[in-house]
Amino acid sequence: MIRSTRPTTSSLKEGLARLVGDPARMVDNPRLVERLSRDFYWYSPVLKKQLDGKTADMVLQPVSTQEVQNVLAYCYANEVPVTARGSGTGNYGQAVPLDGGVVLDLSRMDKIEPIQADGVAVCGPGARLGALEAEARKSGWELRCYPSTVVKASIGGFLAGGSGGIGSVAHGGLRDFGTVRAIELVAMEAEPRLLKYEGEKVHDILHAWGTNGIITRIWLALTPAVEWAQCAVAFDTFDSAFTFAETVANANEWTKRLVTVFEWPIPSFFTSVKQVVREGKAMIFFMIAAGQLAGLENAAARAGGLVSFSGVHPDLRTIPLLSDYTWNHTTLWAIRADSSYTYLQCGFDPTRVREQFAELKRRFGEDVLFHIEFMKNGQGMVIPGSIPIVRFTTEARLNEMIDACRELGVTVANPHVNNVEGGGRDREDNAQLLAKQQLDSKGLLNPGKMATFVPAAATEEISTP
């Protein structure tokens, strides 16, 4: 058995107090610690049951790389777990500490450096994506993709736990097309090194939930800014809506940032924009180049659609902001309407998608409601990604839905498990696991979230005669 030398809470507080320059950045108020130990894991009734009540012992808010190194050195020496936190907008419990210790809140490391001439943004992990979008547009650039939580979400959190979002229909996800150029991080070791991962090596770190290093600086590729408009179109049936959306998503002549399709009654959940919804109709929400808006409206009408709203989209303060109802914000609106709803994360086969739709409806009826997000994969193919709304009754029933999807060739990244591998975002080459073995041999970074990892000390003990 491995002995832990973890200090008591009082001695932990005393030991860490000297490592941050301002006592106000060491949080030990129980209510604040609890709040900063949570994210939106409760989207999943399975994770809610598992993670309710899990909290850190305290929260530290570093403002520099050196402070991060100092904290990790102390925690390594005293075997104190460390869980990194961005802004807590994730949905999978990535930022929930399973074994107490320290939550490292990186929100104050939010510097955005001048945008580079080649359209690369360099920033701290705590910088908000919305702030970066606004800054980039000042010099003619914009984000390639961002989550529906863009205003609050941090860049470090997006890299550690996200995958794609608005813009992915054109530019793919974070893992695609060199969007993440480089990541600087601090390793968890006796004398924590500051390391830089560039090019393909960034995949060792991306979407690893902060289990294999603390991200301190990011190089993110942008794309030339476009003047955007948004448009809502109603169709009598989901099939006709999907067909029109699929045509726009796949056609190169359309410059688009968002193509989202909702089966009825999902649009009825959007109470704040009820004026753009049409009773009983399937809906499509678009972000399209402003110069193409009239053409899109005409094409929708020819396809049998009714344009219920259209307008310019100058920035993220636009009202209404249709992207606030897409990607995983859709799930939030569904849960607000009916707490028995939850969600899955799926990828349909573009060559068999209608067959897959039909079979899931045959098996599960209204317990599965289709919400499609078109996105480009790493091979350049636009696919019907999906965040379907599903009704939760039992965990067994939920697993039956997941198994049925996979049986039909629908990929599922399971959002109801609390580890990197189970969520379906790990790599087949085990790059993230190998990086953790090199950068966190004791397993003190977000312990329990990389299920296949075995701490070096435990391995040595097992092999000892």
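In this text the structure is predicted, and so the values were computed from the model without any measurement.

### Focus: the overall build of the chain
- A count of helical and extended segments in the chain gives 14 helices and 20 strands.
- Its C-alpha atoms give the chain a radius of gyration of 23 Å, near enough to 23 Å, the size a compact globule of 465 residues would have.
- Along the three orthogonal principal directions, the C-alpha set of the chain runs to about 70 × 50 × 40 Å.
- Buried residues in the chain amount to 57% of all 465 residues.
- Pairs at least 24 residues apart make up 73% of the contacts formed inside the chain by residues separated by at least 6 positions.

### Focus on the sheet that holds strand S14 (residues 341-343)
- Taken in spatial order, the three strands of this open sheet run S14-S19-S16, and their pairing is antiparallel. The open sheet terminates on both sides in strands that have one partner only, identified here as S14 and strand S16 (368-369).
- Pairing geometry for S14 and strand S19 (residues 389-391), over three bridges, is antiparallel. In the strand pairing of S19, Thr342 is matched with Val390.

### Quick notes on unusual backbone geometry
- Omega for the bond connecting Trp264 with Pro265 falls within 30 degrees of zero, at 20°, which places this linkage in the cis form.
- Following the sequence through the fold, Pro265 ends up in the loop between strand S11 (256-262) and strand S12 (282-289).
- Unusually for a residue other than glycine, Trp327 sits at a positive phi of about 45°.
- For Trp327, the position within the fold is in helix H10 (residues 327-337).
- For Asn446, which is not a glycine, the phi torsion comes out positive at approximately 45°.
- Residue Asn446 is classed as buried on the basis of its relative accessible area, which comes to 1%.

### Side note on helix H8 (residues 238-250)
- For H8, spanning 13 residues, the distance from its first C-alpha to its last is 18 Å, which sits close to the expected 18 Å at 1.5 Å a residue.
- Within the sequence span of H8, burial applies to Phe238, Ala241, Phe242, Phe244, Ala245, Glu246, Val248 and Ala249.

### With respect to the pattern of salt bridges
- Overall, the coordinates contain 27 salt bridges when judged by the stated rule.
- Two residues, Arg397 and Asp367, come together in a salt bridge whose shortest N-O distance is 3.3 Å. Of the two residues, Arg397 is situated in helix H12 (residues 395-407) and Asp367 in the loop between helix H11 (353-364) and S16; the sequence distance between them amounts to 30 residues.
- You can call Asp367 partly exposed: its relative accessible area is 22%.

### A closer look at the environment of Gly161
- Examined against the element boundaries, Gly161 turns out to sit in helix H6 (residues 155-161).
- Here Gly161 falls in the buried class, since its relative accessible area comes to 9%.
- Taking the C-alpha atoms as reference points, Gly161 and Ala208, 47 residues apart in sequence, are found 6.8 Å from one another.

### A word on the environment of Cys405
- On the secondary structure map, Cys405 appears in helix H12.
- Residue classification places Cys405 among the buried positions, given a relative accessible area of 5%.
- As for Cys405 and Gly140, which are separated by 265 residues in sequence, their C-alpha atoms are 42 Å apart.
- Setting aside residues no more than four positions away along its own chain, Cys405 makes contact with Cys346, Leu360, Val410 and Val412.

### Some remarks on the packing of aromatic side chains
- Following the criterion strictly, the structure yields 20 aromatic pairs and no others.
- Ring geometry for Trp42 against Tyr43: centres 5.3 Å apart, planes inclined by 65°, an arrangement best described as edge-to-face.
- Trp42 sits in the partly exposed class, given a relative accessible area of 30%.
- In this structure an aromatic cluster arises from ring pairing among Phe238, Phe242, Phe348, Phe357, Phe370 and Phe374.
- In this structure, Lys442 packs its charged tip against the face of Tyr76, placed 4.1 Å from the ring centre.

### Some thoughts on the state of the cysteines
- Applying the stated rule across the entire model yields zero disulfides.
- Between Cys145, a cysteine without a disulfide, and Cys123, which holds the nearest cysteine sulfur, the sulfur-to-sulfur distance is 13 Å.

### Observations concerning helix H5 (residues 129-138)
- Along H5, the residues that are buried comprise Leu129, Gly130, Leu132, Glu133 and Ala136. For H5, the angular spread of buried residues about the axis comes to 160°, placing them on one side.
- Considering only its buried residues, H5 is in contact with strand S5 (120-123), strand S6 (141-143), H6, strand S9 (214-224) and S11.

### Thoughts on the pairing of S9
- Buried residues dominate S9, accounting for nine of its eleven residues.
- For S5 and S9, the ladder comprises four bridges, and the chain directions are antiparallel. Across the sheet, the residue bridging to Val120 is Ala221, located in S9.
- Sheet topology places S6 next to S9; three bridges connect them, and they run antiparallel. Bridge assignment links Trp141 to a residue of S9, and that residue is Pro224.
- Bridging between strand S7 (residues 180-186) and S9 involves six bridges; their strand directions are antiparallel. Paired with Leu185 across the bridge in S9 is Ile215.

### A few points about the packing of helix H1 (residues 9-17) against helix H4 (residues 65-78)
- Between H1 and H4, whose axes approach to 10 Å, the crossing angle comes to 145°. The hand of the H1/H4 crossing is right-handed. Residues Ser11, Leu12, Gly15 and Leu16 of H1 pack against Val71, Tyr74 and Cys75 of H4.
- Across the contact of H1 with H4, the residue classes tally to five nonpolar, two polar and no charged.

### Overview of the pairing of strand S3 (residues 82-85)
- Here S3 shows no split at all, with Val82 and Ala84 on one side and Thr83 and Arg85 on the other all buried.
- Note that S3 and strand S4 (residues 102-105) share four bridges and pair parallel. Bridge pairing in S4 links Val82 to Val102.

Conventions we followed
- Residues numbered from 1 in each chain as written.
- Predicted model: local features only at pLDDT ≥ 70, side-chain atom pairs only at ≥ 80, totals over all residues.
- Heavy atoms only, no water.
- Helix = DSSP H or I, 4+ residues; strand = E, 2+ residues; numbered from the N terminus.
- Rg over C-alpha atoms; globule rule 2.2 N^0.38 Å.
- Buried < 20%, exposed > 50% of the residue type's maximum accessible area, 1.4 Å probe, protein only.
- Contact = heavy atoms within 4.5 Å.
- Pairing = 2+ DSSP bridges.
- Expected span 1.5 Å × (residues − 1).
- Salt bridge = Lys/Arg side-chain N within 4 Å of Asp/Glu carboxyl O.
- Phe/Tyr/Trp six-rings, centres within 6.5 Å; stacked < 30°, edge-to-face > 60°.
- Lys NZ or Arg CZ within 6 Å of the ring centre and 35° of its normal.
- Disulfide = S-S within 2.5 Å.
- Arc of directions from axis to C-beta.
- Axes fitted to C-alpha atoms, helices over the stretch in contact; angles between N-to-C directions.
- Left-handed = near helix turned anticlockwise from the far one by under 90°.
- Nonpolar A, V, L, I, M, F, W, Y, C, P; charged D, E, K, R; others polar.

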